[in-house]
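Each chain, written out:
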Amino acid sequence: MKNILFVIPHPDDEIVGCCALIKKFHQKKQNVILFFLTNGIIDEKLMWPWDKKKYKKILSIRKKEMISSVKYLEVGEYFFQNIPSRTLKDNIEKTYKKLFEIVISKKIDSIFCPAYEGGHQDHDVSNFIASRFVKSCSVYEFAEYNFFNGKVNSNHFIKNSNNYVLLPLDEKLKKFKKKGLQTYISEQKNLDYISLNQECYRPISNYDYSNPPHKGRLFYR
């Protein structure tokens, strides 16, 4: 792993799923780049009537939080695709082409993306897009959150495999992640279920994307 690209569906997923992992890569002097696939805000047309008037302000706040997070993680370079949350499934080809350009221009050898776990539809779509690069890069997935077995699970894979890497968070890393989560003030009510105990990743699994990630209700349902 020399040039590592993290595929981030929404601004805040870089903290929720992999901030400790990014810190570890920095400590090893590895080059980390982030690609934010959406702006993290739903389309203005889908907002509650009282929020539509504040759309530009809400979007501006989220982008400022993203920039603060990038600085906090000490990431030197990032890319941002300004499309609404929940629309990644409608922008697969566009996103794939942009990702391809980044991989070529930045000589990316390793890609990290959220696991296919039913946490958010954009997470699952980002996993599918990243899976298209397995022949040209090493592609890994990190766990964020899911509703497997009818309960909220944070930073745990639905099923562990023999080749997954577990990163337990010591007190220093817990404080680091907690402070990172506080960067996204606008999302605090949506991040209270995130644990601070561990992060984990593994080579991306060979998923059948025509089937849901697990039986039962998915988190975003």
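These lines cover the structure that appears in this document, whether it is placed above or below. (Residues numbered from 1 in each chain as written. Predicted model: local features only at pLDDT ≥ 70, side-chain atom pairs only at ≥ 80, totals over all residues. Heavy atoms only, no water.)

### Let's talk about helix α5 (residues 92-105)
For step 1, the next point in the chain: In this model, α5 (14 residues) spans 20 Å end to end at C-alpha, consistent with the 20 Å of a helix rising 1.5 Å per residue.
For step 2, the next point in the chain: Regarding α5, the residues found buried are Thr95, Leu99, Ile102 and Val103. Angular distribution of buried residues about the axis of α5 spans 100°; they occupy a single face of the element. Away from its buried face by more than 90 degrees, α5 exposes Glu93, Ile104 and Ser105.
For step 3, the next point in the chain: Looking at the buried residues of α5, the elements they touch are β1 (3-8), β2 (31-36), β3 (77-80), β4 (110-114) and α6 (121-131).
For step 4, the next point in the chain: Directly after α5, the chain includes Lys107, whose backbone phi takes a positive value near 55°. (Helix = DSSP H or I, 4+ residues; strand = E, 2+ residues; numbered from the N terminus. Expected span 1.5 Å × (residues − 1). Buried < 20%, exposed > 50% of the residue type's maximum accessible area, 1.4 Å probe, protein only. Arc of directions from axis to C-beta. Contact = heavy atoms within 4.5 Å.)

### What to know about the sheet that holds β2
For step 1, the next point in the chain: Strand order in the open sheet formed by seven strands is β3-β2-β1-β4-β5-β9-β8, and the pairing between neighbours is mixed. In this open sheet, the two strands that pair with only one neighbour each are β3 and β8 (165-168). Each neighbouring strand pair of the sheet contributes to a mean axis angle of 20°, computed without reference to strand direction.
For step 2, the next point in the chain: Bridge count for β1 against β4 is three bridges, and the pairing is parallel. (Pairing = 2+ DSSP bridges. Axes fitted to C-alpha atoms, helices over the stretch in contact; angles between N-to-C directions.)

### Details of a nonpolar patch on the surface
For step 1, the next point in the chain: On the surface, a cluster of nonpolar side chains totalling about 290 Å² of accessible area is made up of Tyr96, Phe100 and Ile104.
For step 2, the next point in the chain: Within the element layout of this structure, Phe100 appears in helix α5.
For step 3, the next point in the chain: Given the relative accessible area of 41%, Phe100 is considered partly exposed. (Patch = residues over 30% accessible without salt bridge, like charges linked within 9 Å, V, L, I, M, F, W, Y side chains within 5 Å. Areas by Shrake-Rupley, 256 points an atom, 1.4 Å probe, with all protein chains shown as cover. Salt bridge = Lys/Arg side-chain N within 4 Å of Asp/Glu carboxyl O.)

### Notes on helix α7 (residues 171-181)
For step 1, the next point in the chain: Of the positions making up α7, those classed as buried are Leu173, Phe176, Lys177, Gly180 and Leu181. One face of α7 carries all of its buried residues, which in axial projection span an arc of 135°. Facing away from the buried side of α7 by more than 90 degrees, the exposed set consists of Glu171, Lys172, Lys175 and Lys179.
For step 2, the next point in the chain: Where α7 is buried, its residues touch α1 (13-16), α2 (19-27), α4 (55-72), β8 and β9 (198-203).
For step 3, the next point in the chain: Put simply, Asp170 is the residue that caps the front of α7, since its side-chain oxygen is 3.2 Å from the backbone nitrogen of Lys172. (Polar contact = N/O pair within 3.5 Å; in protein donor to acceptor, adjacent residues only side chain to side chain.)

### Overview of the packing of aromatic side chains
For step 1, the next point in the chain: Within the structure shown, the criterion is met by 20 aromatic pairs.
For step 2, the next point in the chain: Seen from their ring centres, Tyr116 and Tyr209 are 4.9 Å apart, and the 70° between their planes marks the pair as edge-to-face. Remark: Tyr209 occurs in the segment after β9 and Tyr116 occurs in the loop between β4 and α6; sequence separation between them is 93 residues.
For step 3, the next point in the chain: Under the relative-accessibility criterion, Tyr116 is labelled buried at 9%. (Phe/Tyr/Trp six-rings, centres within 6.5 Å; stacked < 30°, edge-to-face > 60°.)

### A short note on the environment of Glu44
For step 1, the next point in the chain: Note that Glu44 resides in the loop between β2 and α3 (49-52).
For step 2, the next point in the chain: Residue class for Glu44 comes out partly exposed when judged on its relative accessible area of 37%.
For step 3, the next point in the chain: Sequence-wise, Glu44 and Gln81 are 37 residues apart; in three dimensions their C-alpha atoms are separated by 16 Å.
For step 4, the next point in the chain: Once residues within four sequence positions are removed from consideration, Glu44 is found in contact with Lys52 and Tyr55.

Honestly, that's just the spatial picture; any functional story needs more than this.
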